[in-house]
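Breakdown of the fold
Listed below, chain by chain, are the residues.
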Amino acid sequence: QRPTGTMGEAPEPASQASLAAVSKVELRVSCKHLLDRDTLNKSDPCVLLLTQTQGQWMEVDRSEVIKSNLNPVFAKIFTVDYYFEEVQKLRFEVYDSHGHAGVGTHDDDFLGGMECTVGQVSPFPPPRGHRPAASPSLTSWILQIVAQKRVTKPLFLKYGKFAGKSTITVISEEISGNNGYVELAFRAKKLDDKDLFSKSDPFLEIYRIDDDRSEQLVYRTEVVKNNLSPIWEPFKVSLNSLCSCEEKRKLRCVVWDYDSRGKHDFIGEFYTTFEEMQKAMGENKVQWDCMNPKYKIKKRNYKNSGVVVLLDLKIHRVYSFLDYIMGGCQIHFTVAIDFTASNGDPRNSCSLHYINPYQPNEYLKALVAVGEICQDYDSDKKFSALGFGARIPPKYEVSHDFAINFNPDNDECEGIQGVVESYQNCLPKIQLYGPTNVAPIISKVARVAADEERTKEASQYFILLILTDGVVTDMADTREAIVRASYLPMSIIIVGVGNADFTDMQILDGDDGILRSPKGEPVLRDIVQFVPFREFKNASPTALAKCVLAEVPKQVVEYYSYKAFPPRCPQSETPDSNLSSPQ
């Protein structure tokens, strides 16, 4: 998983940190002159999109299947993150689908493909398992897509062989930062009957007309069988896709009678704009005459070939992280420090808690690096500072969620410097013990976040930074606590300090799969980021913070989008911003 935004700039050591996407790009795919693999009918093509990760090709998405068509225009829109700093490898595979058997990967099903990289693209190797011979190189294909917006290249079979005259065209469009989406519900009435022994099987296509007068397919509805007054399922499209976020941009809507052999019959068309569509909001409806230009010329009393009605239109704004911050959302920062005995006696220079007057220990480095970024987004600059795994005064009983300033009624410290001072003052007064239980602290912060959730507005989001020298002991309880916290305005950052084996801690970071509670309940959203500090020992002081905070903007937006909480009204005073707004 990649973050879609960063707090601060991109990390300097790119190999050690997730890179933030420059933008998101929508890709539309069409093909021409595909090979005909079927005996009786034409091929039923489908496009697979694959990306290369650690040398392995993985399918990430696929288009719909278009029946009996050698020149398909796919309605599916592929959305990919575009990274300026990174070589991204994409692969498009075109297959002939076989109904319920799905899309195969056999040679007979393979209609051709193309492999793309940022720097250089080799013509497409065959389906998985084949080793193609050398074939002509293509230059900067992805960059061409982004820069030129439309690129057409030949499709290749295995061993560099051309797939006849087959070509693939990819049209790209960057998704703008202020992008939202619209939900539309259409129906039609009294459409022309194009079938002899039954009624028409209508479907609707919407095209956006671009500045160069070319048409881009925006959406294709499902087919409603044997019905001259169909009601199509509501659907959602981005405003960027529908009208390039321009209300007056012309749209062409076409109604067809579906034919299983791919020879769809034209019923009629009409032109409109998103501005006109918006009249359908609320209780209102908008309708258009569905016109066949040929009939209009030939038939004297021709009125229309039916009527298309927009039953409902709902606009959904997509907010960015900065929208929430500028609306006054505060980032409340809590740090939890591991005081278990495995850290070593703080009086010993080998201890991870040893206070060296000339060199801060790893706990302090991690605390300051992350905290200094977060404090810019909290107006009162007060941070909660907790400890776990130590025996504390006065009874010296083990505690897993004590205030390191020893004030149980107010665990907040004044700024990062206040946390540092409380940490240093705390060490001589406690006895390092164990075990490494972090669920109590996660639950404690979650209770505060739950109180905030009840306000039903985007006012406070909570970041819990856990600094620990080993694998947590209460893994089951921790997983349960994280699943509960995933429903709250909260993110968890875990930094592994020292040289322990942190392999088991990777489970908590959902990057390798969905984290589940012991009972099997999945997290609502990925809220945990785990990083071993040792990977940043030789990096700049801010590299750790830039890495571990990279996913926070996305997590904030995901939470408030899930709750449908818009940003609050902009405040007169907002935190200084050095964040990138996620797309």
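Check the entry above for the structure.
Described in the following lines is the structure provided in the data block. (Residues numbered from 1 in each chain as written. Predicted model: local features only at pLDDT ≥ 70, side-chain atom pairs only at ≥ 80, totals over all residues. Heavy atoms only, no water.)

If you tally the helices and strands in the protein chain, you get 11 helices and 28 strands. In the protein chain, which comprises 583 residues, the share counted as buried stands at 54%. Counting only contacts in the protein chain whose residues sit at least 6 apart along the sequence, the fraction spanning at least 24 positions is 72%. (Helix = DSSP H or I, 4+ residues; strand = E, 2+ residues; numbered from the N terminus. Buried < 20%, exposed > 50% of the residue type's maximum accessible area, 1.4 Å probe, protein only. Contact = heavy atoms within 4.5 Å.)

Moving on to the packing of helix H8 (residues 439-453) against helix H9 (residues 475-485). When two helices pack together, their arrangement is captured by the angle between the axes and the distance separating the axes. Viewed as axis vectors pointing N to C, H8 and H9 meet at an angle of 15 degrees, and their least axial separation amounts to 9 Å. Taken together, the axis directions place H8 and H9 in an arrangement best described as roughly parallel. Here the hand of the crossing between H8 and H9 comes out left-handed. Here Ala439, Ile442 and Ser443 of H8 come into contact with H9, specifically with Asp477, Thr478, Ala481, Ile482 and Ala485. Its residues assigned to classes, the contact of H8 with H9 shows 5 nonpolar, 2 polar and 1 charged. (Axes fitted to C-alpha atoms, helices over the stretch in contact; angles between N-to-C directions. Parallel < 35°, antiparallel > 145°, perpendicular 65-115°, else oblique. Left-handed = near helix turned anticlockwise from the far one by under 90°. Nonpolar A, V, L, I, M, F, W, Y, C, P; charged D, E, K, R; others polar.)

In this structure, Phe333, Val335, Phe339, Leu467, Val495, Leu549 and Tyr560 are the most contacted members of the largest nonpolar core, which totals 58 residues. For this core, the leading source of residues is helix H6 (residues 362-374), giving 8 residues. Excluding residues within four positions of it along the chain, Tyr560 makes contact with Tyr324, Cys329, Glu457, Ala458, Ser459, Gln460, Tyr461, Pro489 and Phe565. Grouped together as the second largest cluster of nonpolar side chains are 32 residues, Phe388, Val438, Ala439 and Met475 included. (Core = buried A, V, L, I, M, F, W, Y, C linked by side-chain atoms within 4.5 Å.)

Per the stated rule, a full pass over the model turns up 22 salt bridges. Arg220 is the partner of Glu205 in a salt bridge, and the nearest nitrogen-oxygen pair spans 2.7 Å. With Glu205 in strand S12 (residues 202-209) and Arg220 in strand S13 (residues 215-220), this residue pair connects regions lying 15 residues apart in the sequence. Overall, the relative accessible area of 22% leaves Arg220 in the partly exposed class. Here Glu414 ties to Lys382 by a salt bridge, and the two come within 3.8 Å at their closest N and O atoms. With Glu414 in strand S24 (residues 412-414) and Lys382 in strand S20 (residues 382-388), this pair connects stretches of sequence that are 32 residues apart. (Salt bridge = Lys/Arg side-chain N within 4 Å of Asp/Glu carboxyl O.)

So, on to the packing of H6 against helix H7 (residues 415-426). Running from N to C, H6 and H7 point in directions that differ by 160 degrees, and their axes come no closer than 10 Å. It follows from the interaxial angle that H6 and H7 lie roughly antiparallel. At the point where H6 passes H7, the crossing takes the right-handed sense. Mapping the contact onto sequence places Tyr363, Leu364, Leu367, Val368, Gly371 and Glu372 in H6 and Ile416, Val419, Val420, Tyr423 and Gln424 in H7. Its residues assigned to classes, the contact of H6 with H7 shows 8 nonpolar, 2 polar and 1 charged.

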